[in-house]
Amino acid sequence: MPLRKLVAGNWKMHGVSSDLAEIAQIASASREYPQVDVALCVPAILIERAVRAVPGFSIGGQDVHHAEKGAHTGCTSARMLVDAGAVLTIVGHSERRDAQRESNAEIQAKAHAALQSGLNVILCIGESLSVRERGDAVETVLSQLEASIPDEPSEAAELAIAYEPIWAIGSGKTPTIDEIAEMHDAIRNRLNQRYGGEGDRVRILYGGSVKPSNAGEIFAVADVDGALVGGASLKAEDFMPIVAAASRAG
Ligand code: PEP
């Protein structure tokens, strides 16, 4: 049975008070697509205001610290995200793996901490262009998956994996449909090996230059259970056609 599609926007370091109206527009338009789960992951400092502006709509964070509290200047704990009203968080985005040198072990700890606090998690994995070009994409992504996902199969339903080829993020380039299908199939098989039957409950999102013009064909691929969307999530006029495509794909 197909999983409900999840279309999540990653606003990265975009969004101030004057953008709350855009969030409100997206939340209101999303009500027309009750078959799709829609979420926006906004800067931590905007979460509480966004939640107040759009009660009932899913607002998330973009990162979380693995510790409950302590001497971690500038970091945000899972409890703080929950306290601000977030219902989910991204972990392991390639921009953080790269700029903050986050390891798979750290990302696994973050995912575990977030899930334990009741947050849903979108955990990102993906290969660089050089890895794709030398033909090692599937093997590399599966080893990232193995090392980053939490051990507990009971957490599977609240976990989504976002397959995001690094070279596709913000570049306008995407893998071929066959390459997306191959990767999502490999991820699903590995999740089932790790979690037994529970692996089928984990949503596998595609991310990397998803836009209104390519969303339909991407959502038609088996085991593509939604999308993580960066640039095209900032404006309702770009984001809502992607949500509509997810709704049509069922
Ligand atoms: C992302 O950063 O998660 C992303 C998918 O970005 P974009 O859609 O802009 O490629």
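Residues numbered from 1 in each chain as written. Predicted model: local features only at pLDDT ≥ 70, side-chain atom pairs only at ≥ 80, totals over all residues. Heavy atoms only, no water.

Turning next to the site of the ligand. Within the structure, the ligand sits among 14 residues, and K12, E164, G170, S209 and G230 are positioned closest to it. Side-chain polar atom of E164 to an oxygen atom of the ligand: 2.8 Å apart, as the coordinates give it. Take G230: an N or O atom from its main chain is 2.8 Å from an oxygen atom of the ligand. Protein burial of the ligand: of its 290 Å² of free accessible surface, 95% is covered by the chains. (Near = heavy atom within 4 Å. Polar contact = N/O pair within 3.5 Å; in protein donor to acceptor, adjacent residues only side chain to side chain. Areas by Shrake-Rupley, 256 points an atom, 1.4 Å probe, with all protein chains shown as cover.)

Take the packing of helix α9 (residues 212-219) against helix α10 (residues 236-249) next. Two quantities define a packed helix pair, namely the angle between the axes and the distance from one axis to the other. For the pair α9 and α10, the least separation of the axes is 9 Å and the interaxial angle reads 20°. One finds that α9 runs roughly parallel with respect to α10. In terms of crossing hand, the pair formed by α9 and α10 is right-handed. Contacts from P212, A215, G216 and F219 in α9 reach D238, P241, I242, A245, A246 and A249 in α10. Looking at the contact of α9 with α10 residue by residue, the class counts come to 8 nonpolar, 1 polar and 1 charged. (Axes fitted to C-alpha atoms, helices over the stretch in contact; angles between N-to-C directions. Helix = DSSP H or I, 4+ residues; strand = E, 2+ residues; numbered from the N terminus. Parallel < 35°, antiparallel > 145°, perpendicular 65-115°, else oblique. Left-handed = near helix turned anticlockwise from the far one by under 90°. Contact = heavy atoms within 4.5 Å. Nonpolar A, V, L, I, M, F, W, Y, C, P; charged D, E, K, R; others polar.)

On to unusual backbone geometry, then. With phi around 50°, R101 is a residue other than glycine that occupies positive phi space. With respect to the helices and strands, the residue R101 is situated in the loop between α4 (94-99) and α5 (104-116). Residue classification places R101 among the exposed positions, given a relative accessible area of 68%. Of note in the backbone geometry, S209 takes a positive phi value of approximately 60° without being a glycine. Of note, S209 is situated in the loop between β7 (203-207) and α9. (Buried < 20%, exposed > 50% of the residue type's maximum accessible area, 1.4 Å probe, protein only.)

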